[in-house]
Amino acid sequence: MGILDSAVNVAELVEVARATLPSAAAEAWIGLLRPAVGLRRAVTGELAVGQLGGAPALPVGMEWPRTRAGRPLGFIASIDLARVPIRDLDVPLPTDGTLLLFYRDPSEDPYEVFGISDPEPEDQPPTGYVVFVPAGTQTTPWTEAGATLYPEVGLTGDLIATGPRRGHPALEQALAELSDADREFVTGTTRRVEFWDELSRRSRLPGHLLGGYAHAWQEPVEFEAAWMRLDAASPDSVTAVLGEAQHWTSLVQLDSGNDADMMWFGSLYWMMRRDDIAAARFDAATSIFQVS
């Protein structure tokens, strides 16, 4: 497994796959495991690698991130890349500097959380933003009037293994090489779901992640990001979306939870193309919210 040998949960995931899937399907899924940094609340004595909530340290002279309509976004989290095992990840992130993550509080929008609104909005424009602050940048911490303010909670991180969930493009590609019976065993929705149930049971909640596979609550977020990038609206675009989704990966996932009073009933995702990550074009990130 290489790098994944040191992931705190890799043996557990391998055990679950081999105990609940046909041999060929289990090895195909295990072969797709990817490293991530699992972020969790830091306790006394643990290295702080970032924070939920509080006041961000923005570059001096930078304006506070806002929606297209001019509404200030809430500050969600920061991650100090120099304090996490970047070289153990499979995404080309900078080895230092800080990621600042912003999003409008989804709980303030009854349509976005519950799917109800009168009238139903015709468009839900992206409501998140990523700021990359290079190491050595002069910064100043502040809060913005009108922006949702969350209590500050320190974060630490562990190297963990993550696997693709049902419907993920990488898994679909791997399953295409298996027998029909093995493929149906993994993808079937009406029976033989012990594998997926066991994965969910053993998942760490909240599932804050840097890199790795996002845990989507609805369709894979790679597909959703691809649809948003292509602005695809017809069945004729399915092939294009499938191809585009292969280029996308999860930058950060942050789950709803009590730690910083972030009760959204779901997860926030900041998705990026790998080439944009490599070029540090963090303003190209796409933000997604899914209800759990």
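Preceding this section is the structure that the text describes.
Residues numbered from 1 in each chain as written. Predicted model: local features only at pLDDT ≥ 70, side-chain atom pairs only at ≥ 80, totals over all residues. Heavy atoms only, no water.

(A) Focus on the packing of helix α7 (residues 221–230) against helix α8 (residues 238–245). Contact geometry of α7 with α8 gives a least axis separation of 8 Å together with a crossing angle of 115°. When the axes of α7 and α8 are compared, the crossing they make is right-handed. Where α7 approaches α8, its residues Glu222, Phe223, Ala226, Trp227, Arg229 and Leu230 are matched on the opposing element by Ala240, Val241, Leu242, Glu244 and Ala245. Across the contact of α7 with α8, the residue classes break down as eight nonpolar, no polar and three charged. (Axes fitted to C-alpha atoms, helices over the stretch in contact; angles between N-to-C directions. Helix = DSSP H or I, 4+ residues; strand = E, 2+ residues; numbered from the N terminus. Left-handed = near helix turned anticlockwise from the far one by under 90°. Contact = heavy atoms within 4.5 Å. Nonpolar A, V, L, I, M, F, W, Y, C, P; charged D, E, K, R; others polar.)

(B) Inspection of the side chain of Ser267 at higher detail. Here Ser267 lies in strand β11 (residues 262–273). Looking at Ser267, its side chain comes within polar contact range of the side chain of Trp217, at 2.7 Å. When sequence neighbours within four positions are dropped, the list of residues in contact with Ser267 reads Trp217, Gln253, Leu254, Asp255, Ile288, Phe289 and Gln290. (Polar contact = N/O pair within 3.5 Å; in protein donor to acceptor, adjacent residues only side chain to side chain.)

(C) Looking closely at the environment of Leu39. Tracing the sequence through the fold places Leu39 in strand β1 (residues 34–41). As for Leu39 and Ile160, which are separated by 121 residues in sequence, their C-alpha atoms are 9.7 Å apart. Apart from residues no more than four positions distant in its own chain, Leu39 is found in contact with Val49, Ile79, Thr156, Gly157, Arg204, His208 and Leu210.

(D) Layout of the environment of Thr162. By secondary structure assignment, the location of Thr162 is in strand β8 (residues 153–162). In this structure the C-alpha to C-alpha distance between Thr162 and Asn9, which are 153 residues apart in sequence, comes to 8.8 Å. Residues in contact with Thr162, not counting those within four places in the same chain, are Leu13, Leu32, Leu33, Arg34, Ala36, Leu209, Gly212 and Tyr213. From its side chain, Thr162 meets the backbone nitrogen of Tyr213 in a polar contact 3.0 Å long.

(E) Summary view of the packing of helix α1 (residues 10–20) against helix α2 (residues 23–30). Contact geometry for α1 and α2: axes closest at 8 Å, N-to-C directions at 155°. The orientation of α1 with respect to α2, classified from their angle, is roughly antiparallel. By crossing handedness, the relation of α1 to α2 is classed as right-handed. Note on element contacts: α2 touches α1 through Ala26, Glu27, Trp29 and Ile30, opposite Leu13, Val14, Ala17 and Arg18. (Parallel < 35°, antiparallel > 145°, perpendicular 65-115°, else oblique.)

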